[in-house]
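# Summary of structural features
Spelled out from the first residue to the last, the chains are:
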Amino acid sequence: MYNDNPTIKNIDESKQGDVFFKEQVANQTDDNNKKFYIESYGCQMNFSDSEIVASILSEVGYSPTRDMDNSDLILINTCSIREKAEDTVRKRLRVFDKIKDKKPGTLVGVLGCMAERLKQKLLDQEKLVDLVVGPDAYRDLPNLIATAEDGDKGINVFLSREETYSNINPVRLGSNGVTAFVTIMRGCDNMCSFCVVPFTRGRERSRDPFSILAECTDLFNRGFREVTLLGQNVDSYKWKNPDTDETIDFADLLELTAKVSPDLRVRFSTSHPKDITDKVLFNMAKYENICKYIHLPVQSGNSNILKKMNRTYDREWYINKIHRIYEIMPDCAISSDMIAGFCGETEEEHQETLSIMEIAQYSMSYMFFYSERPNTLAHKKYEDDVPLEVKKRRLNEIIRLQNQMSFEHNRKEVGQYHKILIEKVSKKSDQELAGRTSQNKMVVFPREDAQIGTYAYVKIHDFTSATLKGTLVDEAEYLQHKA
């Protein structure tokens, strides 16, 4: 939940370095194919991109493997948001270099954000890779691989204004078969002063809704029961039909996705406060299968710091948006991001971050201390002048407050009833299953006759700081208490 990354959301540290491998798609591969090995780091967008890469490679005869020593192509999908992520990638590249020594002809490639930012250094100075491929150039992978096999370096870091990979069906290599991410847009136009994403992922562009709905329908028909619409800033989604001039905005897309089936849950990530509209909120309230959960990063509770961050809203505006969400959806859970110790932040300004957390009553948050990234506006314009020990102390105060609020959120759940989508077997016992409420809270309950990939009704009887504990009830009892 906590790290020093101030920009990309939904980073699960347990998944960093996840490998796609052959056993996950055994029925789709051929042992005579060439093998590729891929590790993914960073945000969910990177993991989603790796599924696109897997699909492209499968079309040219490559099969995934988790045995890097036996692979013909080693890829690492990178994150350039923080120094720690880049250091991890450099260490992995040196491991891959030893494999190349043992197995000449093995190709190594860097994909994603770090590829774009450090292309020349990786190719010319450190000479650790054969391929450098930016996030908009994955379609070019077959050509780049052929170039590298001929002894030249394969490089394409062109940032496109059109590429959305809309006609590529991602290979769901790391999926549980129940939940899936569907990318609806790429890039970002917000230019927050602390963020490197616009420079590594390019300008904002929206995918056509027909391909999105087709992907969601296909997922539902294959047994998936939840989709998360994914983008750097989903609320700015906007697509204009070239034939009719009709414009589809995010609220429209959300409603269209909900109509795929009432049994398909819909989530989305991530929202920018300036773009989430009443139309979005009313559509969320209208459809039971649109989950009542919004990740709404505040970053700071102080208007002066927000202005330096170029967030385009101030403290009062954000507080009014929070009140509006709760007015339209009293049962909605809201989570956030906070950055401690941004350039020039005073103690009083830090206290305003703590106070806005209490006003918003976040169910959970991603909390970071400020980590300066090269070439961002903040790097060029402001001095990173808050001492590290002060940053860490302020971050600890933010974490402490959020833990208190999360504990209180979960305490209030005792005695409540929820409809949950069962996603997996509990990590602690194979006699328990786990699934999430509409508000994105994980519930663990005795297995009994319940099945993964179905909906269940539970009554909450206990909790920890991170998890709710429940027992199964029948639909009639659930409806009686929800009436």
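Below: a short report on this structure. Nothing here was measured: the structure is a model prediction, and the numbers come from that model.

Moving on to the overall build of the protein chain. Tallying secondary structure elements over the protein chain gives 15 helices and 22 strands in all. Residues counted as buried form 59% of the 483 residues belonging to the protein chain. By sequence separation, contacts in the protein chain at least 24 residues apart represent 73% of the contacts at least 6 residues apart. Looking at the protein chain as shown, the accessible area adds up to about 20200 Å², and 46% of this sits on carbon and sulfur atoms.

Moving on: the nonpolar core. With 56 residues, the main nonpolar core has Ile184, Leu229, Tyr237, Phe250, Leu254, Met284 and Ile294 as its most contacted residues. Residue contacts for Ile294: discarding those within four places in its chain leaves Phe268, Ser271, Ile276, Leu281, Met284, Ile325, Met329, Cys332, Ala333, Ile334 and Ser335. In terms of nonpolar packing, the next biggest core, distinct from the first, is built from 23 residues, Ile38, Ala54, Val133 and Ala148 among them.

Quick look at the environment of Tyr41 now. Positionally, Tyr41 belongs in the loop between β2 (34-40) and α1 (44-58). On the basis of relative accessibility, which here comes to 10%, the residue Tyr41 falls in the buried class. The spatial distance from the C-alpha of Tyr41 to the C-alpha of Thr78 is 5.3 Å, given a sequence separation of 37 residues. Among the polar contacts made by the side chain of Tyr41, one reaches the side chain of Glu39 at a distance of 2.9 Å.

The subject of this paragraph is the pattern of salt bridges. One pass over the structure, following the stated rule, counts 32 salt bridges. With a shortest N-O distance of 2.8 Å, Asp275 and Lys274 are connected by a salt bridge. You can call Asp275 buried: its relative accessible area is 16%. Here Lys441 ties to Glu413 by a salt bridge, and the two come within 3.3 Å at their closest N and O atoms. Here the residue Lys441 occupies a position in the loop between β19 (432-436) and β20 (442-446), and Glu413 occupies one in the loop between α14 (388-411) and β18 (417-425), the gap between them amounting to 28 residues. Accessibility assignment for this pair places Lys441 and Glu413 in one class, buried. Ionic contacts of the salt-bridge type, sharing partners, join the residues Asp49, Asp136, Arg186, Arg201 and Arg205 into one network.

Adjacent strands of a sheet form backbone hydrogen bonds with each other and so pair up, either parallel or antiparallel. Overall, mixed pairing links the five strands, which are arranged β18-β19-β20-β22-β21 in a closed barrel. Taking the axes of each pair of neighbouring strands and ignoring which way they run, one obtains an average angle of 55° across the sheet. Sheet topology note: the strand β21 (residues 455-463)/strand β22 (residues 468-473) ladder contains six bridges and is antiparallel. Across the sheet, Lys459 pairs through a bridge with Thr471, a residue of β22. Of the strands in this sheet, β18, β21 and β22 touch helix α15 (residues 475-482), which is tilted by about 135° from β18.

Another point: the sheet that holds strand β11 (residues 226-230). The strand order β8-β11-β14 describes an open sheet built from three strands, whose pairing is parallel. If you trace the sheet from one side to the other, it starts and ends with β8 (179-183) and β14 (265-269), each paired once. Here the strands of the sheet are splayed against their neighbours by 25° on average, with no regard to which way each runs. Relative to β11, β8 runs parallel, the two being bridged by five bridges. Bridge pairing in β11 places Thr179 opposite Glu226.

The next point concerns the pairing of β22. Pairing analysis gives two bridges linking β20 to β22, with the strands arranged parallel. By the bridge assignment for β22, Val444 is matched with Lys469. What sits between the antiparallel neighbours β21 and β22 is a turn of four residues.

Applying the stated criterion to the full structure yields 11 aromatic pairs. Judged by centre distance (5.5 Å) and plane angle (90°), the rings of Phe210 and Trp239 are edge-to-face. Of the two residues, Phe210 is situated in helix α7 (residues 209-221) and Trp239 in strand β12 (residues 238-240); the sequence distance between them amounts to 29 residues. In this structure Phe210 comes out as exposed when scored by relative accessible area, which is 52%. Ring plane angle 75° and centroid distance 5.2 Å describe the contact between Phe250 and Phe268, whose orientation is recorded as edge-to-face. Placement of Phe250 in helix α8 (residues 250-258) and of Phe268 in strand β14 is noted, with a sequence separation of 18 residues between them. Assessed through its relative accessible area of 1%, Phe250 is described here as buried. Judged by its relative accessible area of 5%, Phe268 is buried. Counting every residue linked through ring pairs, the aromatic cluster contains Phe194, Phe342, Tyr370 and Tyr382. We note Lys419 situated over the ring of Tyr455; from NZ or CZ to the ring centre the distance is 4.6 Å.

In this section: helix α11 (residues 315-328). Under the 1.5 Å per step criterion, the end-to-end length of α11 is 20 Å for 14 residues, consistent within 8% with the ideal 20 Å. Those residues of α11 not exposed but buried are Arg315, Tyr318, Ile319, Lys321, Ile322, Ile325 and Ile328. Summarising the contacts, the buried residues of α11 are in contact with α9 (278-286), β15 (293-295), α10 (303-308), β16 (333-340) and α12 (347-360). Of the residues flanking the start of α11, the one acting as N-cap is Asp314, its side-chain oxygen 3.4 Å from the backbone nitrogen of Glu316.

As a further point, take the state of the cysteines. Overall, the coordinates contain zero disulfides when judged by the stated rule. Cysteine Cys195 shares no disulfide, and the gap to the nearest cysteine sulfur, in Cys192, comes to 6.1 Å. Exposure remark for Cys195: the relative accessible area of 10% places this residue in the buried category.

Each neighbour pair has its own omega, and for Ser269 with Thr270 the value is 5°, a cis peptide bond. Along the polypeptide, Thr270 turns up in the loop between β14 and α9. Notably, Met191 is not glycine yet its phi reads approximately 55°, a positive angle. Note that Met191 resides in the loop between β9 (185-186) and α6 (197-201). With a phi angle near 45°, Glu448 is a residue other than glycine that sits in the positive phi range. Mapped onto the elements of the fold, Glu448 is located in the loop between β20 and β21.

What counts, and at which threshold
- Residues numbered from 1 in each chain as written.
- Predicted model: local features only at pLDDT ≥ 70, side-chain atom pairs only at ≥ 80, totals over all residues.
- Heavy atoms only, no water.
- Helix = DSSP H or I, 4+ residues; strand = E, 2+ residues; numbered from the N terminus.
- Buried < 20%, exposed > 50% of the residue type's maximum accessible area, 1.4 Å probe, protein only.
- Contact = heavy atoms within 4.5 Å.
- Areas by Shrake-Rupley, 256 points an atom, 1.4 Å probe, with all protein chains shown as cover.
- Core = buried A, V, L, I, M, F, W, Y, C linked by side-chain atoms within 4.5 Å.
- Polar contact = N/O pair within 3.5 Å; in protein donor to acceptor, adjacent residues only side chain to side chain.
- Salt bridge = Lys/Arg side-chain N within 4 Å of Asp/Glu carboxyl O.
- Pairing = 2+ DSSP bridges.
- Axes fitted to C-alpha atoms, helices over the stretch in contact; angles between N-to-C directions.
- Phe/Tyr/Trp six-rings, centres within 6.5 Å; stacked < 30°, edge-to-face > 60°.
- Lys NZ or Arg CZ within 6 Å of the ring centre and 35° of its normal.
- Expected span 1.5 Å × (residues − 1).
- Disulfide = S-S within 2.5 Å.

Structural measurements only, silent on function.
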